[in-house]
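# Fold and contact review
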Amino acid sequence: MDKKRNPCLFFLYYFLYYGEDLLLLIMSLGLVVGQVQCCTEECHCEHLIVNCTDKQMEEFPTAIPMDTRQLVLTRNNLTYLPSVELNLLIELVYLDCSRNMLGDYLEATFVALPLVYLDLSHNNISKITANTFYLLTSLVVLKISDNPNLQEIEKDSFANNTGLRHLDLSRTALTYLDVSTVSSLPSLRTLGLSFNPWDCYCPLKEFLKWAMETELYFIDAENMTCNTPIHIYGLLLKDTEPHINLMCIPNLYERDYLFLGLVGFVIFGSGTVIAWLTGVCVVIYDRLCGSSDDDEDEDDERPPPPKPKKKEESDV
């Protein structure tokens, strides 16, 4: 009766009876609210995917759920990726940063990320070093195409990305690529090299030979052409072998012929002098040794003593 008369006592009794369940419910709601608040207003967060496409962002979004596995930042104005904020996403496996303004500040960016897919196409990257992707040991797909300022990729840039299967380097400013940069990737299956201004000179000979012999699938292979020299401009890389072999035959310049002529003259002159000196020595030796031998022969051949005259001849 008292419980019905006093609403406060009734509420106290209900809370004590169902308090534990209510507390769990409130905590769960708090986690859900916190999860929702953790997503930046500029992006759309759903099912471990954060999509920030075409938001004109100039800075990396900080309010991203920690358990994000896929992050899409394409079509923005990002100029750099903050290493600390990015590497807090320890479950991130998919990162799309295409069509931004990212430059060369990438060496210390990817530290503790289990990335499998990384898209850096359509940016302002000009150089890839051996430290840029060194810690991305799980990387399978890497797209660096459409970086018009990309002129250099160091020899061991992908040495630690042994699981890489798809690599796209199309539409960049690459003119040369060391063959070991890609030939040493055991899992590589697809490679993009089209629309690059390749210098088809002797330094590229080994790479071109490997490209013709490998079983890789080349993306847009009909546009893998030479930019220089001018007489094979536009020629497919696979058709350059005879021209490269012809160009790589050692060519001698005028100074080379002069040097070889001088060396030949010196060798000929030295040989002539040595032969003359040898002849002189032989003659002198023959004269000296020959005269002593003649004297000994003369001594050995003395005339016999005269015979005694007969008696009759003596009487006469």
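Residues numbered from 1 in each chain as written. Predicted model: local features only at pLDDT ≥ 70, side-chain atom pairs only at ≥ 80, totals over all residues. Heavy atoms only, no water.

### Here's the deal with unusual backbone geometry
The omega angle of the peptide bond from threonine 228 to proline 229 is 0 degrees, so this bond is cis rather than trans. With respect to the helices and strands, proline 229 occurs in the loop between strand E13 (226-228) and helix H6 (241-247). With a phi close to 65 degrees, leucine 48 is a non-glycine residue in the positive phi region. Mapped onto the fold, leucine 48 is located in the loop between strand E1 (44-46) and strand E2 (49-51). Classification of leucine 48 as partly exposed rests on a relative accessible area of 39%. (Helix = DSSP H or I, 4+ residues; strand = E, 2+ residues; numbered from the N terminus. Buried < 20%, exposed > 50% of the residue type's maximum accessible area, 1.4 Å probe, protein only.)

### Structural notes on the sheet that holds strand E5 (residues 117-119)
In a beta sheet, neighbouring strands are held together by backbone hydrogen bonds and run either parallel or antiparallel to one another. On the basis of which strands lie adjacent, the open sheet formed by 9 strands has the order E1-E2-E3-E4-E5-E7-E9-E10-E12 and mixed pairing. Across the chains shown, the open sheet's two edge strands, defined by having one partner strand only, are E1 and strand E12 (217-219). The mean angle between the axes of side-by-side strands here comes to 10 degrees, regardless of whether they run parallel or antiparallel. In terms of strand pairing, strand E3 (residues 70-72) meets strand E4 (residues 94-96) through 3 bridges, oriented parallel. Bridge assignment links leucine 71 to a residue of E4, and that residue is leucine 95. (Pairing = 2+ DSSP bridges. Axes fitted to C-alpha atoms, helices over the stretch in contact; angles between N-to-C directions.)

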